[in-house]
Each structure stands twice: as C-alpha cells, then as structure tokens.
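Listed here are the chains, written in short residue letters.
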Amino acid sequence: MLWILLLLLILVVFGFGFTMQALWWVAAVLLVVWIVGFAMRGRGSGGRGGGRRGGGRRGGGRRYSRSRG
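Residues numbered from 1 in each chain as written. Predicted model: local features only at pLDDT ≥ 70, side-chain atom pairs only at ≥ 80, totals over all residues. Heavy atoms only, no water.

Caption draft 1: Summary view of the overall build of the chain. Of the regular secondary structure elements, the chain holds two helices and zero strands. Burial statistics for the chain: of 69 residues in total, 1% are counted as buried. Total accessible area on the chain is roughly 7000 Å²; 70% of this is exposed by carbon and sulfur atoms. (Helix = DSSP H or I, 4+ residues; strand = E, 2+ residues; numbered from the N terminus. Buried < 20%, exposed > 50% of the residue type's maximum accessible area, 1.4 Å probe, protein only. Areas by Shrake-Rupley, 256 points an atom, 1.4 Å probe, with all protein chains shown as cover.)

Below, the structure is given as structure tokens:
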C-alpha cells in the first residue's frame with residue numbers, strides 16, 4: 001500500500017512539474033505576441049499624423065471644395 005501511495009505521489013509531482021513547464025512556455029509565447037502587437041500598434045498610429053485627431057486625408061474633400069468656389 002505504501003508503494004502505491006509513493007508511486008501516486010511521484011506521478012502527481014511529475015504531472016505538476018510538466019504542467020508548470022508547459023505553462024511557462026505558453027506564457028513566454030503570449031508575452032512575445034503581446035510585445036509584437038504592441039510594437040505594431042504603436043508604429044501604425046505614429047505615422048499617420050495623430051491617428052484620430054483628423055490628420056492625413058480625412059478632411060481633404062472640404063479643403064479642395066473651398067478653392068473651387
């Protein structure tokens with residue numbers, strides 16, 4: 001009976017160690033994906049002249065309609 005309990009304890013500890021190792025790899029991959037997404041989002045909004053503030057081509061039609069009369 002003692003050997004069976006010891007074997008079960010070893011299996012539980014081994015399974016817990018394997019799960020923790022797998023979770024560390026998943027966390028590392030998710031961290032890399034988050035960093036890449038954060039960098040791409042920052043680079044995309046930085047080159048458009050302010051993003052939501054109306055920069056770029058958003059109000060271009062009104063600008064030309066004034067000059068034509």
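Caption draft 2: How the structure looks around the packing of aromatic side chains. Throughout the structure, instances matching the rule amount to one aromatic pair. When the centroid spacing of 5.7 Å and the interplanar angle of 20° are considered together, the rings of Trp34 and Phe38 count as stacked. Separated by four residues within a single helix, Trp34 and Phe38 lie in helix 1 (residues 2–46), roughly one turn from each other. Look at Trp34 and you get exposed, because its relative accessible area is 56%. Its relative accessible area of 52% is what places Phe38 among the exposed residues. (Phe/Tyr/Trp six-rings, centres within 6.5 Å; stacked < 30°, edge-to-face > 60°.)

Caption draft 3: The arrangement of the UniProt feature "transmembrane region" (unreviewed entry) in the chain in detail. The feature "transmembrane region" (unreviewed entry), as given by UniProt, occupies residues 25–42 in the numbering adopted here. Across residues 25–42, the secondary structure splits into 100% helix and 0% strand, with the terminal C-alpha atoms separated by 26 Å. (UniProt positions renumbered as here; feature names shortened; annotations may be inferred.)

Caption draft 4: Looking closely at a nonpolar patch on the surface. A surface patch of nonpolar side chains, amounting to about 660 Å² of accessible area, comprises Met1, Ile4, Leu5, Leu7, Leu8 and Leu11. Mapped onto the fold, Met1 is located in the segment before helix 1. Classification of Met1 by relative accessible area gives exposed; the value is 75%. (Patch = residues over 30% accessible without salt bridge, like charges linked within 9 Å, V, L, I, M, F, W, Y side chains within 5 Å. Salt bridge = Lys/Arg side-chain N within 4 Å of Asp/Glu carboxyl O.)

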